[in-house]
Amino acid sequence: MKRLPVDHEKYEKIRNDFYNGKAGFGGEREFDYQLRDFIPPYPHAILHDVFLKHEHAYFQIDSILITPSAIVLFEIKNMAGKLHIKQNPTQFIRESVGGERTVLRSPIEEMERKKHYLTSWLQARNLEIPLIDYIVFAYQNELTIENTSSHRLVFSYEIPNRLRNMEMKEELLTADQIKRLANELMKAHRQYDPFPLIEKYGLSIKDLATGVACTNCQQLTMLWRTRSWQCRACGHRDRHAHHATLAEWYCISGGQLTNRQFRHFANISSRHIAKRMLANSYTEMSGIKRHATYQLSPQLLKIRELSL
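Residues numbered from 1 in each chain as written. Predicted model: local features only at pLDDT ≥ 70, side-chain atom pairs only at ≥ 80, totals over all residues. Heavy atoms only, no water.

1. Here's the deal with the packing of helix 7 (residues 259-266) against helix 8 (residues 271-278)
Stage number 1. Two elements in contact, helix 7 and helix 8, have axes separated by 10 Å at closest approach and are oriented at 100°. It follows that helix 7 is roughly perpendicular to helix 8 by the angle criterion. Contact residues: Asn259, Phe262 and Arg263 in helix 7; Arg271, Ala274, Lys275, Met277 and Leu278 in helix 8.
Stage number 2. When the residues that make up the contact of helix 7 with helix 8 are grouped by side-chain class, the tally is four nonpolar, one polar and three charged. (Axes fitted to C-alpha atoms, helices over the stretch in contact; angles between N-to-C directions. Helix = DSSP H or I, 4+ residues; strand = E, 2+ residues; numbered from the N terminus. Parallel < 35°, antiparallel > 145°, perpendicular 65-115°, else oblique. Contact = heavy atoms within 4.5 Å. Nonpolar A, V, L, I, M, F, W, Y, C, P; charged D, E, K, R; others polar.)

2. Concerning the packing of aromatic side chains
The geometry of an aromatic ring pair is captured by two quantities: the separation of the ring centres and the angle between the planes.
Stage number 1. Applying the stated criterion to the full structure yields 11 aromatic pairs.
Stage number 2. Ring geometry for Trp249 against Phe265: centres 5.3 Å apart, planes inclined by 75°, an arrangement best described as edge-to-face. With Trp249 in helix 6 (residues 241-253) and Phe265 in helix 7, this pair connects stretches of sequence that are 16 residues apart. Across the pair, Phe265 and Trp249 agree in class, each one buried.
Stage number 3. Following the ring pairs from residue to residue traces out a cluster consisting of Phe92, Phe137, Phe155 and Tyr157. (Phe/Tyr/Trp six-rings, centres within 6.5 Å; stacked < 30°, edge-to-face > 60°. Buried < 20%, exposed > 50% of the residue type's maximum accessible area, 1.4 Å probe, protein only.)

3. Some points on the sheet that holds strand 2 (residues 57-66)
Stage number 1. Read across the open sheet, the five strands follow the order 1-2-3-7-9; overall the sheet is mixed. Where the open sheet ends on each side, the last strands, each with one partner, are strand 1 (45-54) and strand 9 (153-155). Ignoring strand direction, the axes of neighbouring strands in this sheet form an average angle of 40°.
Stage number 2. Pairing between strand 2 and strand 3 (residues 71-77): four bridges, direction antiparallel. Bridge pairing in strand 3 places Ser63 opposite Phe74. (Pairing = 2+ DSSP bridges.)

4. A few points about the side chain of Lys115
Stage number 1. Within the element layout of this structure, Lys115 appears in helix 2 (residues 107-123).
Stage number 2. Engagement of the side chain of Lys115 in a polar contact is seen with the side chain of Asp133, the distance being 2.9 Å.
Stage number 3. Beyond its immediate chain neighbours, meaning those up to four positions away, Lys115 contacts Leu73, Leu131 and Asp133. (Polar contact = N/O pair within 3.5 Å; in protein donor to acceptor, adjacent residues only side chain to side chain.)

Everything listed here is a matter of coordinates, which is why it stays silent on function.
This is the structure we're talking about:
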């Protein structure tokens, strides 16, 4: 976002995706916190953020609880404002503080799709077990529900009591089978990879501002001064500020770049200085001289997280 002009046609879409993703992550953390209060007397397994593929379809489940008699699925939502939920057709309508109404994609329909594919995934492994699902609101909203069952719609703080009151019927899975199923789900899990973002959003590198972001004030105002980067805006110094810039390139354009691309992206004039910066534990060079390319390590993403 800091590299894209605010008047760019894609800026608002990217901004909304960023804040929605941030809100969703916060909602999942709140759910995880509440779930710590649930300590059942029976064998179980809990998995978070499971991303699977079955046949041609990909589907993601926020959290899964495997019990001896059922599998419980959770779809966690963090939505601000008043929510009006009705059926036929199923609609989620959000009303903001200012009174603006927005029709949202129904998480109930999303969950039905996920249950369909997970059922097929389990049947392919000769497993028949009931699926129970909850749409979980991370924080308390004002809810109005019409013509639809409300038992599936809960706030995160209600989950421990709902699960404690859940009736354990016929034992369909033993402790060993629960463990095997959890392990199989983890093995089948696919790491979600949204990169490179320029492909996802149909952007070009030419659309983006260049420069190294200050690790203190986040402005693209750092200059290389002999042995370290110095920010023109706040004066902060950092010898390794370009590591976060390489992480940004990884996210924006992918896991490979050349000396020339790095110099352009980081506003470095000397190819020799750029070469020394690229000789680090996060890059692996292949080729020689002007034909050299650098493969970036996904470990750079941890550097990026620390710099935010």
